[in-house]
Amino acid sequence: IQSGKTAHMIGLALKAIQGEVEGDQYDTVIILSGTIEDLRKQSYERISEIGLPMNKVIIVPKGKDLSQDDDAKKAVYSHFRKNSNKKLILVIKKDVRIISVLNNILTSRFMIAKKKRRVMIK
């Protein structure tokens, strides 16, 4: 039975990125999509279909999960390290292996100069 969980999650993510007032927005939304790769891809595709401006929002990883996608890892690393106004939507599986990859990126010794970000995990 379809209950609208994905639509609700996407709406909440977009609301978090947009915010109510200036300074109220989140820079980063991490969506834990479940434990099956097909569900992660489906969530990624549904978010991508909305037509968010690619010059303002990065959505990763596209094809493979975070543990296998070096471009996605670089995008996450860069997002937390550099002063960019772009928002990041990260769609990952609820899998200890994938969450460990994200943790390793965020706790890397190269992240010393990380930018302060407002992060929502959904």
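Keep in mind it's a predicted model, so treat the numbers as computed, not measured.

Glancing now at the sheet that holds strand E1 (residues 28-32). An order of E2-E3-E1-E4 is seen for the four strands of this open sheet, with the pairing classed as parallel. Taken across any chain shown, the strands that pair with only one partner, and hence form the sheet edges, are strand E2 (57-60) and strand E4 (119-121). Pairs of neighbouring strands in the sheet enclose a mean axial angle of 10°, with direction left out of account. Summarising the sheet, E1 and E4 pair through three bridges and their orientation is parallel. Looking at E4, one finds that Val 29 is bridged to Met 120. The strands touched by helix H2 (residues 37-48) within the sheet are E1, E2 and strand E3 (87-92), with E3 carrying the most contacts at an inclination of about 155°. Running at roughly 150° to E3, helix H4 (residues 96-106) makes contact with E1 and E3 of the sheet.

Looking now at the packing of aromatic side chains. Taken as a whole and judged by the stated rule, the model has zero aromatic pairs. The cationic tip of Arg 118 hangs over the ring face of Tyr 26; the distance from NZ or CZ to the ring centre is 4.4 Å.

Our next topic: the pairing of E1. Walk down a regular strand and you will see the side chains alternate between the two sheet faces. The element E1 is extensively covered by neighbouring structure, given that four of its five residues are classed as buried. Relative to E3, E1 runs parallel, the two sharing five bridges. Across the sheet, the residue bridging to Ile 30 is Leu 90, located in E3.

Remark: helix H3 (residues 70-81) packs on H4, axes separated minimally by 10 Å, with the N-to-C direction vectors making an angle of 40°. Judged on the interaxial angle alone, H4 and H3 are oblique. Both H3 and H4 take part in a crossing whose hand is right-handed. Contacts between H3 and H4 pair Lys 73, Val 76, Tyr 77 and Phe 80 from the former with Val 101, Leu 102, Ile 105 and Leu 106 from the latter. Of the residues that constitute the contact of H3 with H4, the class distribution is seven nonpolar, no polar and one charged.

Tracing the chain through its elements places Arg 117 in the loop between H4 and E4. Among the residues examined, Arg 117 registers a relative accessible area of 13% and is labelled buried. Only 2.7 Å separates the side chain of Arg 117 from the backbone oxygen of His 79, close enough to count as a polar contact. Looking at Arg 117, its side chain comes within polar contact range of the main-chain oxygen of Lys 82, at 3.3 Å. When neighbours within four sequence positions are excluded, Arg 117 is seen to be in contact with Asp 27, Thr 28, His 79, Phe 80, Lys 82, Ser 84 and Lys 86.

In this section: the environment of Ile 47. In this structure, Ile 47 sits in helix H2. Note on Ile 47: relative accessible area 2%, which makes it buried. For the pair Ile 47 and Leu 32, spaced 15 residues apart in the sequence, the C-alpha separation amounts to 13 Å. Contact partners of Ile 47, with chain neighbours within four places excluded, come to Ile 10, Ile 31, Leu 52, Ile 59, Ile 89 and Val 91.

Quick notes on the rules
Residues numbered from 1 in each chain as written. Predicted model: local features only at pLDDT ≥ 70, side-chain atom pairs only at ≥ 80, totals over all residues. Heavy atoms only, no water. Pairing = 2+ DSSP bridges. Helix = DSSP H or I, 4+ residues; strand = E, 2+ residues; numbered from the N terminus. Axes fitted to C-alpha atoms, helices over the stretch in contact; angles between N-to-C directions. Contact = heavy atoms within 4.5 Å. Phe/Tyr/Trp six-rings, centres within 6.5 Å; stacked < 30°, edge-to-face > 60°. Lys NZ or Arg CZ within 6 Å of the ring centre and 35° of its normal. Buried < 20%, exposed > 50% of the residue type's maximum accessible area, 1.4 Å probe, protein only. Parallel < 35°, antiparallel > 145°, perpendicular 65-115°, else oblique. Left-handed = near helix turned anticlockwise from the far one by under 90°. Nonpolar A, V, L, I, M, F, W, Y, C, P; charged D, E, K, R; others polar. Polar contact = N/O pair within 3.5 Å; in protein donor to acceptor, adjacent residues only side chain to side chain.

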